[in-house]
Amino acid sequence: MCGIVGYFGKNEALPILIDGLKRLEYRGYDSSGVALLHQSKVLCFKAVGKIVELEKKISEDKSPHPPLLKHALDPEQGGAKIGIAHTRWATHGVPSEQNAHPHSDCSGKIWLVHNGIIENYQQIKKHLIEKGHIFKSETDTEALAHLIEDLYDGDLTEAVKKALKVITGTYGIVVFHADEPNKIIAAKKGSPLVVGLGENETIIASDVSAIMRYTKQAIYLDDGEMVEIDANGPRIFDSFNAEITKDISEIEWDINQAEKGGYPHFLIKEIFEQPETVMNSVRGRLVLEEGMAKLGGLDAVADKIRNIDRIIIVACGTARCAALVGEYMLEEYAGIPTEVDYAHEFRYKKQILNDKTAVIVMSQSGETADTLAAVKEAKEKGVLTLGIVNTVGSSIARETDAGIYNHVGPEISVASTKAFTSQISILSLLTLFMGRQRDMSLVTGQRIVNEIQALPDKIRKILEADGEIKKIAEKYSKATSFAFLGRKYNHPLAFEGAIKLKELSYIHAEGFAAGEMKHGPIAMIDENFPSFYFVPEDSVYEKNVSNMQEIKARAGKIIAVATEGDEKIKDIADDVIYIPKTLEMLTPILSAVPAQLFAYHMAVLKGLDVDKPRNLAKSVTVE
Ligand code: M6R
């Protein structure tokens, strides 16, 4: 959702801030803005829409700035060396220039960017209006800028500290004061901030993507911490105002991973990366001789895990679909009763938990507010929390007791693809790990290890059918509704296939457990309502074939994802996409790929913004 970039250093701030905003575009936004601090004067630009609109505003700026401020925008004069920038995803107030960040106080000297939500902003605003403050926007953020002004007594750091004690809610902020042009301040609670340490420059951002082009050295701030950045670099303070030293982390993601690399969209690049990303997720974690998974991130809690007799997996959206596959795996192969909860419902149910329950939290971004809230609830109840997270150093990664990273690199496209297949891969490792701690035999463990290792080549083979899948998409491009169907391990794939098609192409799609069709949904089937059916040769194959016949009997068209060599399926399905044979529990990793490609081509055919579908954000940081 919203994105923050702040710069203090020896270089021209503006290009770095704009580049940072572009790197954060994938998170979803509807307006943007930048404020530059130069010789105690401030220049601010805001625009609705894409960053390119903001760039236009800056390059076409005809305002009669005094010469000094003109220098702030002039690279030949060195430009401004301090600045803050923001992409906003509207929560309080429509997308507009007034509501876009940075926001300022009455004096126009304090400038602030903010991610998160200030819950008590209305009381603060009312109080400040009574004291004579004049507000220009509908946002919660502006209340904080005025509050800092109200508490300012010549020291910005002190005023920010005092203001943060007054507000409730969540924040990641970066702020400066024109009268103190030698520093910027940042603080965090419930919204991520990472400090990038360059050579004579500090870049602060809500996401490492905005930093990694300039430095690989980063400090992740924890809740309650504040950082003061000046020419000597950052000084960090804990929630008790004591100066602290924090570990410097190495950013492992590579800048090339965050670029399109010749593909027309990030989405198709990420779909095609899956042979490597599935391999990266399991690399170094499989031990064939022992038929076991080696999961370093769980070492510290391995004994606790041995005693777990119930698992709850919490996640949202696509991550939840992966979790549902995990439920089948963990129950069948590790023998542990497992249930999957929507992360956003977890807190509202009476949870019956004990010291033998583990809550597994799955999130690509590691920042999904609903999922983070579920972790906090589980921790509050004292149960073991395990994270399956892609983003190193993210809030969920740090909140959970232990965990496993996906290692798939940044997933830029809003629709999750490579993270999904990785999440199921990691769940298969966890199943091995927990299964072998219990009754799983060595032979079964070894068979699973062998099959996991063979997955990347099998995915490669499916990707070769991209051209055929595109033709199938062309054939169905006028359909306005789709059913996605599957049973057992591919039952969650029906939900995931429907999510992909909906979010990318805006075509109505619903996922059903195939056995459910005859209990109601089949009434919708006619020649204009096609089904996308996952029907690999597995233990429920015959049942699926019967359900397909029922659809066929009602003139419904069927696209089937079936196992290579299954010629019989062509008698029932109108179109068939083949996947190689694998172990039943691993079929979802393969059957996901045709569904992703189908949704991608449908969206491209409709001329849509594939990487940034309307109304969505990559990381959903509001509840
Ligand atoms: O970052 P997370 O994995 O926690 O995100 C969860 C969902 O918001 C996410 O999977 C969403 O459903 C995607 N748009 C799906 O493609």
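All values derive from a computational prediction rather than experimental measurement. (Residues numbered from 1 in each chain as written. Predicted model: local features only at pLDDT ≥ 70, side-chain atom pairs only at ≥ 80, totals over all residues. Heavy atoms only, no water.)

J.: Account for the pattern of salt bridges, with residues named and values stated.
T.: The full count for this structure, using the stated rule, is 39 salt bridges. Among the salt bridges present, the one from Lys188 reaches Asp223, with a minimum N-O distance of 2.8 Å. Here the residue Lys188 occupies a position in strand β8 (residues 184–189), and Asp223 occupies one in the loop between β11 (217–220) and β12 (226–230), the gap between them amounting to 35 residues. What emerges from the salt-bridge pattern is a single network uniting Asp155, Glu180, Lys183, Glu228, Arg235 and Glu243. (Salt bridge = Lys/Arg side-chain N within 4 Å of Asp/Glu carboxyl O. Helix = DSSP H or I, 4+ residues; strand = E, 2+ residues; numbered from the N terminus.)

J.: Run through the packing of helix α10 (residues 317–334) against helix α14 (residues 418–437), naming residues and quoting values.
T.: Two measures define how a pair of helices packs: the angle their axes make with one another and the distance between the axes. Closest axis-to-axis distance for the α10/α14 pair is 9 Å, and the angle between their directions is 20°. If you check the angle between α10 and α14, you find them roughly parallel. When the axes of α10 and α14 are compared, the crossing they make is right-handed. Of α14, the residues touching α10 (which contributes Thr318, Ala319, Cys321, Ala322, Ala323, Val325, Gly326, Met329, Leu330, Tyr333 and Ala334) are Phe420, Gln423, Ile424, Leu427, Ser428, Leu430, Thr431, Met434 and Gly435. (Axes fitted to C-alpha atoms, helices over the stretch in contact; angles between N-to-C directions. Parallel < 35°, antiparallel > 145°, perpendicular 65-115°, else oblique. Left-handed = near helix turned anticlockwise from the far one by under 90°. Contact = heavy atoms within 4.5 Å.)

J.: So, the site of the ligand: which residues are in play, and what are the values?
T.: Near the ligand you find 13 residues, and of these Ser363, Gln364, Ser365, Thr368 and Glu503 are the closest. Between Ser365 and the ligand, the recorded distance is 2.6 Å, taken from a side-chain N or O atom to an oxygen atom. At 2.5 Å, a side-chain N or O of Glu503 approaches an oxygen atom of the ligand. Coverage of the ligand by the protein amounts to 90% of the 410 Å² it exposes when considered alone. Looking at the shell around the ligand, the elements with two or more residues in it are α10 and α17 (491–505). Looking at the shell around the ligand residue by residue, the class counts come to four nonpolar, seven polar and two charged. (Near = heavy atom within 4 Å. Polar contact = N/O pair within 3.5 Å; in protein donor to acceptor, adjacent residues only side chain to side chain. Areas by Shrake-Rupley, 256 points an atom, 1.4 Å probe, with all protein chains shown as cover. Nonpolar A, V, L, I, M, F, W, Y, C, P; charged D, E, K, R; others polar.)

J.: Can you explain the domain arrangement of the chain? Please cite residues and give values.
T.: The domain boundaries assigned to the chain delineate domain 1 (3–251), domain 2 (256–462) and domain 3 (465–623). Listed per partner, the contact involves nine residues of domain 1 and twelve residues of domain 2. Taking both sides of the interface into account, the surface hidden between domain 1 and domain 2 amounts to around 890 Å²; carbon and sulfur atoms contribute 51%. It is Arg23, Tyr26 and Tyr220 that lose the most area in domain 1 upon contact with domain 2, and together they represent 49% of the buried surface on that side. If you look at where domain 1 meets domain 2, you find one salt bridge. Among the ionic pairs, Asp222 bridges to Arg398, the shortest N-O distance being 2.4 Å. Linking domain 1 to domain 2 there are three residue pairs in polar contact (both at pLDDT 80 or more). (Domains from an automatic or database assignment. Buried area = accessible area lost by both parts, 1.4 Å probe.)

J.: Describe the packing of aromatic side chains, and please don't skip the residues or the numbers.
T.: This model, assessed by the stated rule, comprises eight aromatic pairs. Here the aromatic rings of Tyr263 and Phe272 are separated by 6.0 Å at their centres, their planes lie at 35°, and the arrangement is tilted. By relative accessible area, which is 33% here, Tyr263 ends up partly exposed. The exposure class assigned to Phe272 is partly exposed, which follows from its relative accessible area of 23%. An angle of 45° between the planes, with centres 5.2 Å apart, marks the rings of Phe532 and Phe598 as tilted. Of this pair, Phe532 sits in strand β25 (residues 531–535) while Phe598 is found in helix α19 (residues 587–605), placing the two residues 66 residues apart along the sequence. Like Phe532, the residue Phe598 is buried in the burial classification. One aromatic cluster is present, built from ring pairs that chain together Tyr476, Phe482, Phe484, Phe532, Phe534 and Phe598. One residue, Lys161, lies across the ring of Phe237, its end atom 5.3 Å from the ring centre. (Phe/Tyr/Trp six-rings, centres within 6.5 Å; stacked < 30°, edge-to-face > 60°. Buried < 20%, exposed > 50% of the residue type's maximum accessible area, 1.4 Å probe, protein only. Lys NZ or Arg CZ within 6 Å of the ring centre and 35° of its normal.)

J.: Give me the lowdown on the side chain of Glu584, citing residues and values where you can.
T.: Tracing the chain through its elements places Glu584 in the loop between β27 (575–579) and α19. Taking relative accessible area as the criterion, Glu584 reaches 19% and is therefore assigned buried. In this view, Glu584 contacts Lys488, Tyr489, Asp538 and Ser539; residues no more than four positions away in its chain are not counted.

J.: So what's going on with helix α2 (residues 51–59)? Which residues, and what values?
T.: By the burial criterion, the buried members of α2 are Ile51, Leu54 and Ile58. Relative to the axis of α2, the buried residues are bounded by an arc of 55° and lie together on one face. For α2, the elements touching its buried residues are α1 (13–24), β2 (31–38), β3 (41–48) and β4 (82–88). (Arc of directions from axis to C-beta.)

J.: So what about α14? Which residues, and what values?
T.: With 20 residues, α14 extends 29 Å between its outermost C-alpha atoms, agreeing within 8% with the 28 Å of an ideal straight helix rising 1.5 Å per residue. Of all 20 residues in α14, 19 are buried, a share of seventy percent or more. (Expected span 1.5 Å × (residues − 1).)

J.: So what's going on with the nonpolar core? Residues and values would help.
T.: Soluble, globular proteins show a tendency: their nonpolar side chains are buried together. Counting 92 residues, the largest nonpolar core has Leu298, Met434, Phe482 and Phe598 as its most contacted members. The leading source of residues in this core is α19, at eleven residues. Counting contributing residues per domain, this core is built from domain 2 (256–462) and domain 3 (465–623), each supplying no fewer than three. Non-local contacts of Leu298, meaning those with residues more than four positions away in its chain, are made with Ile305, Leu386, Ala402, Gly403, Ile404, Leu430 and Phe433. (Core = buried A, V, L, I, M, F, W, Y, C linked by side-chain atoms within 4.5 Å.)

J.: If you had to explain the sheet that holds β25 to someone new, which residues and values would you point to?
T.: The five strands lie next to each other as β24-β23-β25-β26-β27, forming an open sheet whose pairing is parallel. The open sheet has two free edges, formed respectively by β24 (508–513) and β27, since each of these has just one partner strand. Across the sheet, the mean angle separating the axes of adjacent strands is 20° when strand polarity is ignored. With five bridges joining them, strand β26 (residues 558–563) and β27 adopt parallel strand pairing. Across the sheet, the residue bridging to Ala562 is Tyr578, located in β27. (Pairing = 2+ DSSP bridges.)

J.: A description of the state of the cysteines should follow, citing residues and the corresponding values.
T.: This model, assessed by the stated rule, comprises zero disulfides. Residue Cys106 stays outside any disulfide, its sulfur separated by 16 Å from that of Cys44, the closest cysteine. For Cys106, a relative accessible area of 39% gives the class partly exposed. Unpaired in this structure, Cys321 has its nearest cysteine sulfur neighbour in Cys316, at a distance of 11 Å. (Disulfide = S-S within 2.5 Å.)

J.: Any chance you could break down the pairing of β24 for me, citing the residues and the numbers?
T.: Bridging between strand β23 (residues 481–486) and β24 involves six bridges; their strand directions are parallel. By the bridge assignment for β24, Leu485 is matched with Phe512.

J.: Quick rundown of the UniProt feature "domain: SIS" (unreviewed entry) in the chain? Include the residues and the values.
T.: Sites flagged by UniProt as "domain: SIS" (unreviewed entry) map to residues 301–440 and 472–613. Helix makes up 46% of residues 301–440 and strand 20%, and the two end C-alpha atoms of the span are 20 Å apart. Overall, residues 472–613 shows 35% helix and 20% strand. The separation of its end C-alpha atoms is 22 Å. (UniProt positions renumbered as here; feature names shortened; annotations may be inferred.)

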